[in-house]
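Commentary on secondary and tertiary structure
Chain residues, written in single-letter form:
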Amino acid sequence: VKPMTPRCSVPKAVPVGKTASLHCHENEGYPKSTYSWYRNSEPLSPDTKSSNKPQNSSYTLNPTTGTLVFHAVHKGDTGRYSCIATNDAGFAKCDEQEMEV
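What you see is a predicted model; the values in this text were computed from it and never measured. (Residues numbered from 1 in each chain as written. Predicted model: local features only at pLDDT ≥ 70, side-chain atom pairs only at ≥ 80, totals over all residues. Heavy atoms only, no water.)

**Quick look at the overall build of the protein**
Where we set the bar: Think of it this way: any DSSP run of H or I at least four residues long counts as a helix, any run of E at least two long counts as a strand, and we number them from the N terminus. A 1.4 Å probe rolled over the protein chains alone gives each residue an accessible area, and that area as a share of the maximum for its type sets the label: buried under 20%, exposed over 50%, partly exposed in between. Computed by Shrake-Rupley with a 1.4 Å probe, the accessible areas treat only the displayed protein chains as cover when residues are assessed.
When helices and strands are counted, the protein shows zero helices and nine strands. Along the protein, helices and strands appear, N-terminal first, in the series β-β-β-β-β-β-β-β-β. Relative to its full complement of 101 residues, the protein shows a buried share of 41%. As displayed, the protein has an accessible area near 5700 Å², and 54% of this comes from carbon and sulfur atoms.

Dropping the structure here:
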């Protein structure tokens, strides 16, 4: 079963240095969906060791739960965030939401 549009919750504004938690979830898809996050249409790597993300950004992305946590946000984390739920039958995307730091 193709995933339905996931429910995304993105904080509107987060003070610099604070923790920010973004959530993405849908429960219609079968098999269970995995989740990927995008900032300004660029994919965020689930592996924070990867080299294609800003060096000073620290976040944890759990593709199973759809949770994206920034441990200490900085100005560069400001942007439009969206999430895609994917399974073998297809994918669905939530609308972009702005997060300001």
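**Overview of the side chain of Ser33**
Short version of the rule: In protein, a polar contact requires one atom able to donate a hydrogen and another able to accept it; more generally it is a pair of N or O atoms within 3.5 Å, and residues adjacent in sequence count only if both atoms are side-chain atoms. Any two residues having at least one pair of non-hydrogen atoms within 4.5 Å are treated as being in contact.
Structurally, Ser33 is set in the loop between strand S2 (20-25) and strand S3 (34-39). By relative accessible area, Ser33 is classed as buried at 6%. Here the side chain of Ser33 touches Glu26 through a polar contact of 2.6 Å, side chain to side chain. Each residue touching Ser33, except ones within four places of it in the same chain, is listed here: Pro3, Glu26, Pro63, Thr64, Ala85, Thr86 and Asn87.

**Focus: the state of the cysteines**
Between two cysteines, a covalent bond joining their sulfur atoms is known as a disulfide. Note the threshold: Cysteine sulfurs are considered disulfide-paired once they come within 2.5 Å of each other.
For the structure shown, the criterion picks out two disulfides. The partner cysteine of Cys8 in its disulfide is Cys94, sulfur to sulfur 2.0 Å. What sets the handedness of the Cys8 and Cys94 disulfide is the S-S torsion sign, and at about -100 degrees it is left-handed. Separated by 86 residues along the polypeptide, Cys8 in strand S1 (residues 7-9) and Cys94 in the loop between strand S8 (90-93) and strand S9 (97-99) bring together distant segments of the chain. Neither residue differs from the other here; Cys8 and Cys94 are each classed as buried. Linked covalently through their sulfurs, Cys24 and Cys83 form a disulfide whose S-S length is 1.9 Å. Linking Cys24 and Cys83, the disulfide has an S-S dihedral of approximately -80 degrees and is accordingly described as left-handed. Linking Cys24 in strand S2 with Cys83 in strand S7 (residues 79-87), this pair joins segments that are 59 residues apart in sequence. Ordering the disulfide-forming cysteines of the protein by sequence position, one finds them joined as 1-4, 2-3.

**Examining the pattern of salt bridges**
Counted only if it meets this: Within this document, salt bridges are pairs made up of a side-chain nitrogen of Lys or Arg and a carboxyl oxygen of Asp or Glu, the two lying within 4 Å of each other.
What the rule picks out here adds up to two salt bridges. For Arg39, the salt bridge is made with Asp77, and the minimal N-O distance between the two is 3.8 Å. Remark: Asp77 occurs in the loop between strand S6 (67-70) and S7 and Arg39 occurs in strand S3; sequence separation between them is 38 residues. Pair check on accessibility: Arg39 and Asp77 agree, each one buried. As a salt-bridge pair, Arg80 and Glu96 come within 2.9 Å of each other at their nearest N and O atoms.

Don't take any of this as a statement about function, it's just geometry.
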